[in-house]
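A structural walkthrough
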Amino acid sequence: MTEDSGTADAGLDAETGRELCRHAESVGLAAVDVDDAELLHGWRSDPVAAYEIGIWPRSLTAMRERIERDTEDDDRDDFLVLLPDGTPIGHIALSNQNIVNGTAQVELMLAPEYRGQGHGSAAYALVDLAFGELPFHRLAVETHTENAPALAVLTKSGFVHEGVSRAACLHRGRRHDLAVLSLLRPEWEALSRPRAWDA
């Protein structure tokens, strides 16, 4: 799904020249471009990310092809998370978008050196995009039940723990449980925090 340019004007990042489509506290979001493939490939190859998010590293060529394919895909939106100086520190996405049912999946991955520094607030910007600019009613996310930092960020963002998908992920020969969390539009509307467009 692509935003209407009239609702996505959050400014140009002076350092990188990239168009920022959202802000959240100390970070901004910019649409992923095929030139970001090497960066995303490096982050996805990190063993901690592979474990906590349950991803499988791809080749750099496959990553480029995926970005090119996803650019034309109407059921996902991918963004880089940028610091105010333009430094890219992570990737966030709205995937598996179903406009009929009003549902989507949230994905968030931060670069290893930027984890645990409060940059998970990028989730606020994505949530505010989904509910404030797009017609979604339910956002869902899954992560390992042992991924305490991600669970803390999601809970702070308003997500509610729905349950556990038992033995749903295989990593290094072991089965892991996945925590299932969701956020509904009425719950987002009840949040007292400032919205991303007020940042």
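Residues numbered from 1 in each chain as written. Predicted model: local features only at pLDDT ≥ 70, side-chain atom pairs only at ≥ 80, totals over all residues. Heavy atoms only, no water.

**Observations concerning the overall build of the protein**
Within the protein, the secondary structure is distributed over 6 helices and 8 strands. Of all 199 residues assigned to the protein, the portion counted as buried reaches 45%. Excluding contacts between residues fewer than 6 apart, the proportion of contacts in the protein whose partners are at least 24 apart in sequence is 58%. (Helix = DSSP H or I, 4+ residues; strand = E, 2+ residues; numbered from the N terminus. Buried < 20%, exposed > 50% of the residue type's maximum accessible area, 1.4 Å probe, protein only. Contact = heavy atoms within 4.5 Å.)

**Topic: helix H1 (residues 37-44)**
Looking only at H1, the buried set comprises Ala37, Leu40, Trp43 and Arg44. All buried residues of H1 lie within an arc of 130° about the axis, which places them on one face of the element. (Arc of directions from axis to C-beta.)

**Let's talk about the confidence of the model for the protein**
Put simply, the protein has an average pLDDT of 82, and 84% of its residues get 70 or more. The weakest mean pLDDT in the protein belongs to strand E1 (residues 20-24) at 65; the strongest belongs to helix H6 (residues 185-190) at 96. Every residue in residues 1-10 is under pLDDT 50, and counting partners more than four places away or in other chains gives 25 contacts. (pLDDT = per-residue confidence, 0-100.)

**Considerations on the packing of H1 against helix H3 (residues 60-71)**
Describing two packed helices takes the angle between their axes plus the distance from one axis to the other. Between H1 and H3, the shortest axis-to-axis distance is 9 Å and the interhelical angle comes to 120°. In this view, H1 runs oblique relative to H3, as classed from their interaxial angle. Considering only the axes of H1 and H3, their crossing is right-handed. Within the contact between the two elements, H1 uses Ala37, Glu38, Leu40, His41 and Arg44 and H3 uses Leu60, Met63, Arg64, Arg66 and Ile67. Residues of the contact of H1 with H3, tallied by class, amount to 5 nonpolar, 1 polar and 4 charged. (Axes fitted to C-alpha atoms, helices over the stretch in contact; angles between N-to-C directions. Parallel < 35°, antiparallel > 145°, perpendicular 65-115°, else oblique. Left-handed = near helix turned anticlockwise from the far one by under 90°. Nonpolar A, V, L, I, M, F, W, Y, C, P; charged D, E, K, R; others polar.)

**Things to note about the pairing of strand E3 (residues 77-82)**
The buried count for E3 comes to 6 of 6 residues, which makes it a mostly enclosed element. Here E3 shows no split at all, with Asp77, Phe79 and Val81 on one side and Asp78, Leu80 and Leu82 on the other all buried. Relative to E3, strand E2 (residues 27-31) is paired through 4 bridges, and the arrangement is antiparallel. Looking at E3, one finds that Gly28 is bridged to Leu82. (Pairing = 2+ DSSP bridges.)

**Some points on the nonpolar core**
Ranked by size, the top nonpolar core spans 43 residues in total, and within it Leu94, Phe136, Leu139 and Phe159 carry the most contacts. The biggest single contributor to this core is helix H4 (residues 122-132), with 7 residues. Not counting residues within four places of it along the chain, the set of residues in contact with Leu94 comprises Asp75, Arg76, Asp77, Ala104, Gln105, Val106, Leu126, Leu129, Ala130, Leu134, Phe136 and Leu139. (Core = buried A, V, L, I, M, F, W, Y, C linked by side-chain atoms within 4.5 Å.)

**Side note on unusual backbone geometry**
One non-glycine residue with positive phi stands out, namely Asn96, at about 50°. The residue Asn96 is located in strand E4 (residues 88-98) in this model. Among the residues examined, Asn96 registers a relative accessible area of 52% and is labelled exposed. In this structure, Ala167 is a non-glycine residue whose phi angle is positive, near 50°. With respect to the helices and strands, Ala167 occurs in strand E7 (residues 160-171).

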